[in-house]
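# Coordinates in review
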Amino acid sequence: MGSRASTLLRDEEIEEIKKETGFSHSQITRLYSRFTSLDKGENGTLSREDFQRIPELAINPLGDRIINAFFPEGEDQVNFRGFMRTLAHFRPIEDNEKSKNAAVSEPLNSRTNKLMFAFRLYDLDRDDKISRDELLQVLRMMVGVNISDDQLGSIADRTIQEADTNGDNSISFNEFIKVLEKVDVEQKMSIRFLH
Amino acid sequence: ESLSEGEIAALKEQLEEKKKLIVTLRNKPWRMKKRLVLLKEAQKFVEEFEGALGKGKGKKLYAFKVMMTKKLIKFKRDFENFKTACIPWERKIKDVESHFGSSVASYFIFLRWMYGLNMVLFGFMFGLVVLPEILMGLPYGSIPRKTVPREEQDTAMDFSVLNDFEGFCKYSFLFYGYYNNDRTIGVLKFRLPLSYLLVGVGIFGYSLMVVIRTMARNSNEGGDGAEEGEFTFSWKMFTSWDYLIGNPETADNKFASITTSFKESIVDEQENQKDENIHLRRFLRVLANFLITCTLGGSGYLIYFVVKRSQDFAKMEQDKLSWLEKNEVEFVMSLLGLVCPPLFETIAELEDYHPRIALKWQLGRIFALFLGNLYTFLFALFDEVNEKLETEKSIRNATIWALNQYYANYSSYFNTTDVPPPNVSPADVIRGPCWENAVGIGFVKLVVSDIQVSYLTILVGDFLRAVIVRFLNYCWCWDLEAGFPSYGEFDISGNVLGLVFNQGMIWMGAFYAPGLVGLNILRLLSSMYYQCWAVMCCNVPHERVFKASRSNNFYMGLLLLVLFLSLLPVVYAIMTLSPSFDCGPFSGQDKIYDVVMETIEQDLPSFIANIFTYATNPGLILPAVLLMLALYYLNAVSKGYKQANMDLKKKMKMARDEEKNRRNNKDSTNQVMIDLEDLLPKKSLIPPPIEEEPTPPGVVNAKGSKSPKMKPGAAAKGVNLQKDVSLAAPNPRAPVTYAPGPRRGPAGNARGPQPGPSRGRGRAGPPR
């Protein structure tokens, strides 16, 4: 598997992906072998069905939205470059990167970008606000029929109250960041490469 | 290649840095000492790692070292995984927790902890007392105490006799009477009586240490979650799913647990929002407590009365008493145990506490009730012991008299003074009543009947009830599932107390029945599986699911109390009562603790004996023991405080660093602000109303008290009030074109710990 993978992925491509995403050589090779193992049709692209075959995504209430995040607007297939571009959000933040001054363009896996990825999972209509209805949708997916609709509504209202600081009854990206500032996002939203 | 390219690159960079440092060291404005230290460090680094990059001989060594480090990390990770996998029943308890909430699960966690404790006690008892006696002591049938007496031999193997723990059971290693009083046994010269006494006392000592240590550990964990007061619902909303779950069953559990945790938070919120009519509530609580005290007093008197009557009955002819009169005490006890707890629960509805607090009150009250149980049992036992002591005196005199007769006859018949010991088979020797065995048997019978009653209650009260409700529902007039009787809820307080009192019985009885601890292990093991099955199969979650208190200290406190209560009778028996003359490891001695004195005199050097006689003054021992216990507890608690201190210091340091960064180099902090603004469309950048500075200090105080009452105001009166409780000033949103003003002294620091990391995120306060 490993040897087949490396012959299909040329060194120049690896260099380009490295520059774009920041993954190391060995990490890219690992991810490529994962890509090929998911690609049952062996045509170099992944479709939504390929993703839904992953058990962790299949039972995840937000699974469909995560899968959507891989596909650019309107497309149904994602190639390896697109795959890596999305996964770049989950690259672990190394210690020496934290202390350096931020580069001119912020890397894809900064804390803000990770949070932006998460924010977009909830903000379906892309208006950069999580409204009460969007929260209700998420709640219904997570909890189902076990809690009454009234209580679900109160939970959504309460969540907005906790997070909303500018009074527009929805959660903007800044408020989202504020809510999660004590959560160790860098560690939770990172692929754990076990070298 | 064990080194990846990234690592080589990073290493090269570090190497360059160190080399540069060595060259420029003279120009740095540091003290000599610091320069020397840094120089040595840099030189060592260069020497070591230049080899790794192929420039010297050290490359292979370096590569080897790196590989070993990686292997070590992997090994440590695997070991941690293994240790976690070894924790028994974790899956089961997680299942219960997901479906029934953390309060029900806390009972099972307590049960598992008890199992661990009992395993250790079993290890002590078995390894140091039972095993030596079996392996190195005299076998069954060789001496009188190890043989079934002749008159009982016909019935010794009958089931009914064994069920009462008479017959073979009584003369086996399960009970005190089996153990021989030889000072040393076997080739290894193992001192069995000394070991028996020390193990008996050591069981209490170890249990005490473990309970105190667990209490201390639990009390530390209370400090961590203190900041969870903010954003509870938001965090549950956005971060509760575990994305690493791949198994459908686990996913079901996770669904259930998310639902349960939302319900728990809702209950907590409701409690905070309740309307306060203080006077009515206080009056109702006083009334409820008064009623319950009356009930407890009444039951106490009833128990006393019944025990008195049973003592009178015992003096009368046994045949003339009816079944009711013979078993009056047990009957009254069971009746009280069945009737009073529901009564307490109904009265407790007047008090209207948070379910967690109501549970504690309920536990305390039932505990007081069951103390009456304990009192009668001990009383009855004590009576029996006294009786046996009396009989023993007479039998002992008779035996001595018979022996003297034999010697006199023999020497006069054969005209010798060298008299061989009487050639009597062990089964025929006259036996004393052996009160310790009676005590041991009493405890074992109590524990066994307790086990039977509790298992039967679960079977009938939960399983049968569930079966009836489910299947009779098809042909019944009203809805059995929704109305009466419906499915049962798991009775946390009853079960916890049962466990605690059971353990008290074990502690009391372990000295007289070494097999009791083994019995308890089996009981706890089967109880875990049985109750887990019963809960998942026959019970429904409580209507108001509430989160268990963060520390299990309440259960531990009860356990500690019971430990002390069970310590007292045993210590009293060791110190005052004299052991039987013909059974047990202390037979023939005046007091049980004489073994210790004997060992000291014979086995240890003489000066220790002197020290010991001075030190065994009770006035010295008691304060010393209490002092040591207090020190141990305080030491264990102080570790937790140290940790909390370190965390706070770290937070303050981070806050100060960010402040410094902000003052010295505003670029590094504003970068994030600029990035943010680049990412978002312009319409989100509506500037919010500017906050007034005076509110934050006042808000700090309110927030500092961590009173949950702040939230209901916020929740009930709409969004505006919520702003008052948000600590940090909001983003100014306009580009910052002026330097931040002079730092506000202490007030700025007072806010330090809370908004720590956020302070550096380009959050320049409003200009002063």
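Conventions used here
- The residue count restarts for each chain, going from 1 along the sequence in the order it is written.
- Lettering for chains starts from A, numbering for ligands starts from 1, and both go in the order in which the items are written.
- Restriction of local features to residues with pLDDT of at least 70 applies here, the model being predicted, together with a cutoff of 80 or more for giving and counting side-chain atom pairs; totals for whole chains, interfaces and linings are based on all residues.
- Calculation of side-chain values draws on the structure's entire complement of heavy atoms; hydrogens and water are dropped beforehand.
- Runs of H or I in DSSP of at least four residues are treated as helices and runs of E of at least two as strands, each being numbered from the N terminus.
- Summary of the burial criterion: residues with accessible area below 20% of their type's maximum are buried, those above 50% are exposed, and those between are partly exposed, where the area comes from a 1.4 Å probe applied to protein chains only.
- Throughout, a contact is declared for two residues whenever any of their heavy atoms are within 4.5 Å.
- Under the convention used here, a 1.4 Å probe and the Shrake-Rupley method define accessible areas, while residue burial counts only the protein chains that appear.
- Working convention: axes come from line fits to C-alpha atoms, limited for helices to the stretch in contact. Angles between N-to-C directions cover 0 to 180 degrees.
- Should an angle lie under 35 degrees it is considered roughly parallel, over 145 roughly antiparallel, and from 65 to 115 roughly perpendicular; all remaining angles are considered oblique.
- Each crossing gets its hand from how the near helix is turned against the far one by less than a right angle, where anticlockwise is left-handed and clockwise is right-handed.
- Note that Gly is not counted as nonpolar here; it falls among the polar residues with everything else outside the nonpolar set of Ala, Val, Leu, Ile, Met, Phe, Trp, Tyr, Cys and Pro and the charged set of Asp, Glu, Lys and Arg.
- The residues that make up patches have over 30% relative accessible area and no salt bridge, and they are joined within 9 Å when like-charged or within 5 Å when they are Val, Leu, Ile, Met, Phe, Trp or Tyr.
- By salt bridge we mean one thing: a side-chain nitrogen of Lys or Arg within 4 Å of a carboxyl oxygen of Asp or Glu.
- The sign given to each residue is positive for Lys and Arg and negative for Asp and Glu; His and the chain ends receive no count.
- Where a charge lies is defined by one atom per residue type, namely NZ (Lys), CZ (Arg), CG (Asp) and CD (Glu).
- A helix is expected to span 1.5 Å for every residue after the first.
- Fitting axes to the seven residues that end at a residue and to the seven that start at it, the angle between those axes gives the bend at that residue.
- UniProt positions are given in the numbering used here, feature names are shortened, and annotations may be inferred rather than shown by experiment.
- Every residue carries a pLDDT, the predictor's confidence in it, which falls somewhere between 0 and 100.
- Centres within 6.5 Å are what make two rings of Phe, Tyr or Trp a pair, Trp counting through its six-membered ring; a difference in plane orientation under 30 degrees is then read as stacked, over 60 as edge-to-face, and the rest as tilted.
- Both a distance and an angle decide whether a charge sits over a ring: NZ of Lys or CZ of Arg must be within 6 Å of the ring centre and within 35 degrees of the ring normal.
- We call a set of buried Ala, Val, Leu, Ile, Met, Phe, Trp, Tyr and Cys residues a nonpolar core when their side-chain atoms join them within 4.5 Å.

### Side note on the overall build of chain B
Scanning chain B from terminus to terminus reveals 26 helices and two strands. Looking at the 768 residues of chain B, the share that counts as buried comes to 36%. Of the contacts made within chain B by residues no fewer than 6 positions apart, 77% connect residues no fewer than 24 positions apart. For chain B, the computed accessible surface area is about 44400 Å², with 63% contributed by carbon and sulfur atoms.

### A short note on the overall build of chain A
A tally of helices and strands in chain A yields 13 helices and two strands. Residues classed as buried in chain A amount to 48% of the 195 residues present. Long-range pairs, those at least 24 residues apart, make up 58% of the contacts in chain A with a sequence separation of at least 6. Of the roughly 9900 Å² of accessible surface on chain A, a fraction of 49% belongs to carbon and sulfur atoms.

### Considering the packing of helix H5 (residues 102-136) of chain B against helix H17 (residues 553-575) of chain B
All names here are of chain B. Where H5 contacts H17, the two axes come as close as 11 Å, and the packing angle between them is 45 degrees. Taken as axis vectors, H5 and H17 run oblique relative to one another. The chirality of how H5 crosses H17 is right-handed. In this structure, H5 contributes Ser-106, Phe-110, Trp-113 and Met-114 to the contact, and H17 contributes Tyr-555, Met-556 and Leu-559. For the contact of H5 with H17, a count of residues per class yields six nonpolar, one polar and no charged.

### Some thoughts on a negative patch on the surface
All names here are of chain B. Residues Glu-345, Glu-349, Glu-489, Asp-491 and Glu-543 make up a contiguous surface patch of negative charge. Looking at the element boundaries, Glu-345 is found in helix H12 (residues 328-348). Using a relative accessible area of 45% as the deciding quantity, one classes Glu-345 as partly exposed.

### Examining helix H14 (residues 435-472) of chain B
With 38 residues, H14 of chain B ought to run about 56 Å at 1.5 Å a step, and its terminal C-alpha atoms sit 52 Å apart, in line with that. Largest kink in H14 of chain B: about 25 degrees, centred on Leu-464 of chain B.

### Digging into the packing of helix H4 (residues 90-100) of chain B against helix H9 (residues 248-272) of chain B
Angle between the axes and distance between the axes are the two parameters that describe a pair of packed helices. Residues and elements named next belong to chain B. In the contact formed by H4 and H9, the axes pass within 7 Å of each other and the chain directions differ by 45 degrees. Here H4 is positioned oblique relative to H9, judged by the angle of their axes. Of the two elements, H4 crosses H9, and the hand of that crossing is left-handed. Here Arg-91, Asp-95, Ser-98, His-99 and Phe-100 of H4 come into contact with H9, specifically with Glu-249, Thr-250, Asn-253, Ala-256, Ser-257 and Thr-260.

### Digging into unusual backbone geometry
Residues and elements named next belong to chain A. Although it is not a glycine, Glu-42 adopts a positive phi angle of roughly 55 degrees. By the secondary structure assignment, Glu-42 is in the loop between helix H3 (25-38) and helix H4 (48-52). Classification of Glu-42 as exposed rests on a relative accessible area of 62%. In this structure, Asp-128 is a non-glycine residue whose phi angle is positive, near 60 degrees. Tracing the backbone shows Asp-128 in the loop between helix H9 (111-122) and strand S1 (129-130).

### Some words on the UniProt feature "domain: EF-hand" (unreviewed entry) in chain A
When the UniProt feature table is mapped onto this chain numbering, "domain: EF-hand" (unreviewed entry) sits at residues 26-61, 110-145 and 151-186 of chain A. For residues 151-186 of chain A, helix accounts for 61% and strand for 6%, while the C-alpha atoms at its two ends are 32 Å apart.

### Details of the pattern of salt bridges
Summed over the entire model, instances satisfying the criterion amount to 21 salt bridges over all chains. The closest approach of N and O atoms between Arg-111 of chain A and Glu-186 of chain A, which form a salt bridge, is 2.9 Å. Pair noted here: Arg-111 of chain A is in helix H9 and Glu-186 of chain A is in helix H13 (residues 185-188), with a separation of 75 residues, a long-range link. Between Lys-83 of chain B and Glu-80 of chain B there is a salt bridge, with its nearest N and O atoms 3.9 Å apart. One end of the pair is Lys-83 of chain B and the other is Glu-80 of chain B, both in helix H3 (residues 59-86) and three residues apart, which spans about a single turn.

### Points about the UniProt feature "transmembrane region" (unreviewed entry) in chain B
Residues and elements named next belong to chain B. As annotated in UniProt, the feature "transmembrane region" (unreviewed entry) corresponds to residues 115-135, 194-212, 286-307, 362-382, 504-522, 554-575 and 611-634 in the numbering used here. Taken end to end, residues 194-212 comprises 100% helix and 0% strand; its first and last C-alpha atoms sit 27 Å apart. Helix and strand shares over residues 362-382 are 100% and 0% respectively, and the end C-alpha atoms of the span are 31 Å apart.

### Side note on the confidence of the model for chain A
All names here are of chain A. Across chain A, the average pLDDT comes to 82, with 89% of residues at or above 70. Taken together, the stretch residues 1-7 has pLDDT below 50 and engages in four contacts with residues farther than four places along the chain or on a different chain. In this model residues 98-104 is a low-confidence stretch, pLDDT under 50, and it forms five contacts with partners more than four residues away in sequence or in other chains.

### Regarding the packing of aromatic side chains
Under the criterion given, the structure shown has 45 aromatic pairs over all chains. Centre to centre, the rings of Tyr-176 of chain B and Tyr-196 of chain B are 5.8 Å apart; their planes meet at 80 degrees, and the pair counts as edge-to-face. Residue Tyr-176 of chain B is located in the loop between helix H6 (159-163) and helix H7 (192-221), and its partner Tyr-196 of chain B is located in helix H7; the two are separated by 20 residues in the primary sequence. Chaining the aromatic ring pairs together yields one cluster made of Tyr-176, Tyr-178, Tyr-179, Tyr-196, Trp-435, Phe-511, Tyr-512 and Phe-586 of chain B. Across the ring face of Phe-71 of chain A, the terminal group of Arg-48 of chain A is positioned such that the distance to the ring centre comes to 4.5 Å. The ring of Phe-45 of chain B carries the charged tip of Lys-18 of chain B above its face, separated from the ring centre by 5.6 Å.

### Things to note about the side chain of Ser-170 of chain A
Tracing the backbone through its elements, the reader meets Ser-170 of chain A in the loop between helix H11 (149-163) and strand S2 (171-172). When sequence neighbours within four positions are dropped, the list of residues in contact with Ser-170 of chain A reads Lys-129, Ile-130, Ser-131, Ile-160, Asp-164 and Glu-175 of chain A.

### Some points on the confidence of the model for chain B
Averaged over chain B, the pLDDT score is 76; the fraction of residues at 70 or greater is 81%. For this predicted complex, the interface score ipTM comes out at 0.83, alongside a pTM of 0.70.

### Quick look at the nonpolar core
Counting residues in hydrophobic clusters, the biggest one holds 101 residues, and the most contacted among them are Phe-108, Phe-110, Phe-443, Val-496, Trp-507, Phe-511 and Phe-586 of chain B. At 13 residues, the largest contribution of residues to this core is made by H5 of chain B. Those residues in contact with Trp-507 of chain B, other than ones at most four positions away along the chain, are Leu-117, Leu-121, Ile-203, Phe-204, Ser-207, Leu-559, Leu-563, Ser-566 and Val-570 of chain B. By size, the runner-up hydrophobic cluster in this structure holds 65 residues, among which are Phe-23, Ile-28, Val-143 and Leu-152 of chain A.

### Here's the deal with the environment of Phe-108 of chain B
Residues and elements named next belong to chain B. Tracing the sequence through the fold places Phe-108 in helix H5. Each C-alpha atom, one on Phe-108 and one on Glu-97, is 9.4 Å from the other, the two residues being 11 residues apart in sequence. If sequence neighbours within four positions are ignored, Phe-108 has contacts with Ile-93, Val-96, Phe-490, Met-528, Gln-531, Cys-532 and Val-535.

### As for a nonpolar patch on the surface
Residues and elements named next belong to chain B. A cluster of nonpolar side chains, contributed by Leu-456, Leu-459, Val-460, Leu-464, Ile-468, Leu-472, Trp-476, Trp-478 and Phe-484, occupies part of the molecular surface with about 890 Å² of accessible area. Residue placement: Trp-478 occurs in the loop between H14 and strand S1 (488-489). Since its relative accessible area comes to 42%, Trp-478 is described here as partly exposed.

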